[in-house]
Amino acid sequence: MKKIFNPESTEVTHKIIGGDPSGIANFSKPSRVIYKTIYEGMLDRTWFPSQVDLSDDIKAMLHLTEEEVRFYELTFGKLIFNDSVITNRIMDNFNQYITDPIANACLARQAFEESLHSQSYAFIGDDVLQKANGDSEKVYNLFKTDDMLLELASNINADYGSFDDGTEVEAGHLALGAIANLALEGVSFPAGFLAIWSLGDKMKGSASMITEISKDELGSHLPLYVNLYNHIHTDAELDKPKYDKMAKEMLIRATEREIKFLKYSSEGVLGFSDPSIENFMHWVCNERFRELGFELHYSKADTTDGLVKIFKNYSQLNDTKTNFFEGTVKTYSKQNLDMDF
Ligand SMILES: [Fe+2]
Ligand SMILES: [Fe+2]
C-alpha cells in the first residue's frame, strides 16, 4: 500500500504498483503518457444526467409490453449494482496500491463518473419509473428480490476475490482485480446497454442516457484497465502466461453468466432469441480478448446479426474517434446529448 505523502522519495519514474512516489501529482511529467491521455479524454467529454431529456419516456413506458417493462427494470437493477460496486472497488480496494499519480487521477475521475452513473439511475427512477408506474424503489431492491440478479451480482462481486477481508493484496491479485473491473466494464455493461438500446425506438431518453454512460465505460474505463493490467505485469514482473490464463477464464465466466441473465431477463421480448444472445455476447468477449492481445476463445461471431447491429448502431452514434488502446486521441466529443434516435 502506498504512502500518501513521502518526502524521502527519490523516485523519478513512477511504477504502476510497487513504486515509492512522493505523493505529488505532476501532470507536466507523466511517467506513462497514456494515463494523462485517458484522463484528458474523460474531462473533455464531461456530461451531467440532468442534461438528458427523459420526458417522453414516461408516456412511452405505458406502451411497453409487460415483458419489456420487466426487461427494462431487471437491466437497470443490474446496472445500479454494477456502478455502485465499482465506485467503491476503485476507491477502497484498488487506488491505494496504484503508485503512478496520474493513474491515481484516472481512478479518481473514474470514481466520479461511476457516481454520476449512479445518479443517472435516480433520474430513471424518479422521472420515469415513479411517474409511469408509481414505484421508483423497486429497481433498487431487485438484487435482493430477484434470485437470478442476486446470483449474477454475487458472482460479479466474487471475481474481486479477497480484497476486503484483510488478506494482504499482492501484485497478482491486483492484476486479476483489473480484469474483474474489465469484466464488469467490458462484458457486463455491454449486455445492459444492449437491453436498453433494444428498446431505444420507444424509450429514447433512456437510450440516450445509456449512450452517455457507455461512452465513459467503453471509451475510457475499458482502456484504462487494459493498460493497468498490462503495466502491472511489466512492473511487477508477473508470470504473464499464468495470469493471462486466469484472466481469460474470468472473462469467459463473465460472458457465460451474462448470457444466462440476458436470456432470463429478455424472456418474451422480440428479437432476443437464445442463439442471437449467445452470438452477441461471444462477439463482446472476442472484442475484449482482441484488446488484451489474447487469442480468441469463441469462434467468429456474426456481426450482421440483429443484436450486434443494434449495439454497433448506438455505440457508433457516439464514436469519440478515440483510440486509447494505442494511446492516440483523434477528437473528443460530447455530441450526443441532443441526438434524436
Ligand atoms: Fe459506470
Ligand atoms: Fe466504469
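Just so it is clear, the model here is predicted, and its values are computed rather than measured.

## Things to note about the coordination of the iron ion (ligand 1)
Thought 1: Taken together, the protein donors to the iron ion (ligand 1) comprise Asp83 (OD), Glu114 (OE), His117 (ND1) and Glu217 (OE), at separations of 1.8 to 2.1 Å.
Thought 2: The site at the iron ion (ligand 1) holds four donor atoms, and with the angles between them running 91 to 132°, its shape is tetrahedral.
Thought 3: Look at where the donors of the iron ion (ligand 1) fall in the sequence and you get D-x30-E-x2-H-x99-E.
Thought 4: Between the two metal centres, the iron ion (ligand 1) and the iron ion (ligand 2), the spacing is 3.6 Å, with Glu114 acting as a shared donor.

## With respect to the environment of His117
Thought 1: Among the structural elements, His117 can be located in helix α4 (residues 101–133).
Thought 2: Spatially, the C-alpha atoms of His117 and Val52 are 12 Å apart, while their sequence positions differ by 65 residues.
Thought 3: Excluding residues within four positions of it along the chain, His117 makes contact with Trp47, Asp83, Ile213, Asp216, Glu217 and His221.
Thought 4: Here the side chain of His117 touches Asp216 through a polar contact of 2.7 Å, side chain to side chain.

## Digging into the nonpolar core
Thought 1: Membership of the largest hydrophobic core comes to 106 residues, with the highest contact counts inside it found for Tyr72, Leu228 and Phe280.
Thought 2: Take this core: its biggest share by element is 17 residues, from helix α7 (residues 171–198).
Thought 3: Here Phe280 is in contact with Pro190, Ala191, Leu194, Leu262, Leu307, Val308 and Phe311, once residues within four sequence places are set aside.

## Re the coordination of the iron ion (ligand 2)
Thought 1: Those protein atoms acting as donors to the iron ion (ligand 2) are Glu114 (OE), Glu185 (OE), Glu185 (OE), Glu217 (OE) and His221 (ND1), and they sit at 1.8 to 2.2 Å.
Thought 2: Written as a sequence motif, the donor residues of the iron ion (ligand 2) are E-x70-E-x31-E-x3-H.

## What about the pattern of salt bridges?
Thought 1: In total, this model carries 17 salt bridges according to the counting rule given.
Thought 2: Salt-bridge contacts for Glu151 lead to Lys260; the nearest nitrogen and oxygen are separated by 2.8 Å. Here Lys260 lies in helix α9 (residues 240–265) and Glu151 lies in helix α6 (residues 147–158), a separation of 109 residues in the sequence.
Thought 3: A residue is classified by how much of its surface remains accessible, and Lys260, at 41% relative accessible area, is partly exposed.
Thought 4: Glu278 is the partner of Lys263 in a salt bridge, and the nearest nitrogen-oxygen pair spans 2.6 Å. Here Lys263 is found in helix α9, whereas its partner Glu278 is found in helix α10 (residues 274–292), with 15 residues between them in sequence.
Thought 5: Residue classification places Lys263 among the partly exposed positions, given a relative accessible area of 24%.

So, how was this worked out
Residues numbered from 1 in each chain as written. Chains lettered and ligands numbered in written order. Predicted model: local features only at pLDDT ≥ 70, side-chain atom pairs only at ≥ 80, totals over all residues. Heavy atoms only, no water. Donors = N, O, S within 2.8 Å, 3.2 Å for Na, K, Ca; no water. Tetrahedral: all angles 85-135°; square planar, octahedral: opposite > 155°, others 65-115°. Helix = DSSP H or I, 4+ residues; strand = E, 2+ residues; numbered from the N terminus. Contact = heavy atoms within 4.5 Å. Polar contact = N/O pair within 3.5 Å; in protein donor to acceptor, adjacent residues only side chain to side chain. Core = buried A, V, L, I, M, F, W, Y, C linked by side-chain atoms within 4.5 Å. Buried < 20%, exposed > 50% of the residue type's maximum accessible area, 1.4 Å probe, protein only. Salt bridge = Lys/Arg side-chain N within 4 Å of Asp/Glu carboxyl O.

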